Amino acid sequence: MEKHASKRRIGLMGGTFDPIHFGHLVTAEEARVQFSLERVIFIPNRHPPLKDPREVTDPEHRYLMTVLATVGNPYFTVSRIEIDRPGPSYTIDTLRAFLQIYPDADLFFITGADALLQILRGMWHGARELLQMCQFIAASRPGYILDREQLERNNLTGNDLRNVHAMTIPALAISSTDIRERVRQGRPIKYLVPEPVEDYIFKHGLYRPKAAGEGEGG
Ligand code: NAP
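Every chain is numbered on its own, with residues counted from 1 as its sequence reads. The predicted origin of the model limits local features to residues at a pLDDT of at least 70 and limits the giving and counting of side-chain atom pairs to 80 or more, whereas totals for whole chains, interfaces and linings rest on all residues. The basis for the side-chain values is all heavy atoms of the structure; hydrogens and waters are excluded.

Q: Hey, could you run me through the packing of aromatic side chains in this one?
A: Two aromatic rings, taken as a pair, are described by how far apart their centres are and by the angle between their planes. In summary, the pairing rule links any two rings of Phe, Tyr or Trp, Trp by its six-membered ring, whose centres are within 6.5 Å, and it sorts them by plane angle into stacked for under 30 degrees, edge-to-face for over 60 and tilted for everything else. For the coordinates displayed, the defined rule picks out five aromatic pairs. A network of ring pairs unites the aromatic residues Phe-17, Phe-42 and Phe-76 as a single cluster. In this structure, Arg-80 is placed above the aromatic ring of Tyr-63, and the distance from its NZ or CZ to the ring centre is 4.7 Å. By definition here, charges over rings are those cases where NZ of Lys or CZ of Arg is within 6 Å of the ring centre and within 35 degrees of the ring normal.

In structure tokens, the structure reads:
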């Protein structure tokens, strides 16, 4: 009998990563192992479509921190695809590009549970099409229940949810918002982000209040 090679399985880890932290890294590694992914490609966005770009840190800083954080894992790489694409970073454009690069692969888009609920509520560009283009892995913090019933209740797209998976990640008790707030208040972020990311944040003066007349950190 003819033996068919199994399809490649590639993880795409989408986020703003402002900054990247151990919760994101644990999520990517857990998804890689649970879903047998051959690699996970981190995709920091340039302009998160539902946020004011003035409220997020310069994309190059977020990109470089992502590179620093992932360099030690042989299964992780970082893509500049969204960083280099002008305008809002619509995930559908990114998925189309990756489907051209890997036409025969199963793609798994890994992101936060809130983002997945936004897709199901139809808030993203091309939400219905997105759910047919790849599989989604939604990661949530402990205490954030994302069960089948909740997914179905939030699903306004009319798509079936066979491509949607949920994972609870205890390490996601760490959040980028909390890290930014800690830096602003002069509290430690050691053991919440990889050391090179911590060094980068302090070297470039990210997330600290700007003194009067001071420009952007960088
Ligand atoms: P967000 O709203 O800042 O994050 C929502 C929650 O998910 C936060 O708790 C966040 O934690 C967590 N999270 C975000 N990315 C994660 C990841 N990769 N793994 C685990 N947890 C994650 O979300 P965002 O970062 O701006 O956007 C998430 C992704 O959706 C990005 O790739 C973005 O470009 C895409 N997106 C696309 C559209 C569109 O195409 N129309 C619209 C919105 C978002 P932290 O704050 O700790 O990260």
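Q: Hey, could you run me through helix α4 (residues 113–120) in this one?
A: Residues spaced three or four apart along an α-helix point in a common direction, a consequence of the helix completing one turn every 3.6 residues. The buried fraction of α4 amounts to six of the eight residues, a majority that puts the element mostly inside the structure. All buried positions along α4 are accounted for by Ala-113, Ala-115, Leu-116, Leu-117, Ile-119 and Leu-120. Contact criterion: two residues are considered in contact whenever any of their non-hydrogen atoms come within 4.5 Å of each other. Put simply, DSSP H or I for four residues or longer makes a helix, DSSP E for two residues or longer makes a strand, and each gets a number counted from the N terminus. On its buried side, α4 packs onto β4 (106–112), α5 (127–133), β5 (135–140), α6 (148–154) and β6 (164–168). Backbone geometry just downstream of α4 places Gly-122 in the positive-phi region, at approximately 80°. The buried label applies to any residue whose accessible area, calculated with a 1.4 Å probe on protein chains only, is under 20% of its type's maximum; exposed applies above 50%, and partly exposed to all values in between.

Q: Hey, could you run me through the pairing of β5 in this one?
A: The side chains of a regular strand alternate, residue by residue, between the two faces of the sheet. Counting buried positions along β5 yields six of six residues, so the element is predominantly enclosed. What you see with β5 is no split at all: Gln-135, Ile-137 and Ala-139 on one side and Phe-136, Ala-138 and Ser-140 on the other are buried throughout. By definition, two strands form a pair when at least two bridges between them are found by DSSP. Where β4 meets β5, five bridges bridge the pair, whose relative direction is parallel. If you follow Phe-108 over to β5, its bridge partner there is Gln-135. Two elements, β5 and β6, share five bridges in a ladder whose sense is parallel. Considered in β6, the bridge of Ser-140 is made with Thr-168. Handedness of the crossover joining β5 and β6 through α6 is recorded here as right-handed. The handedness rule is simple: strands pointing away from the viewer, and a clockwise path from the first strand over the helix to the second, make the crossover right-handed.

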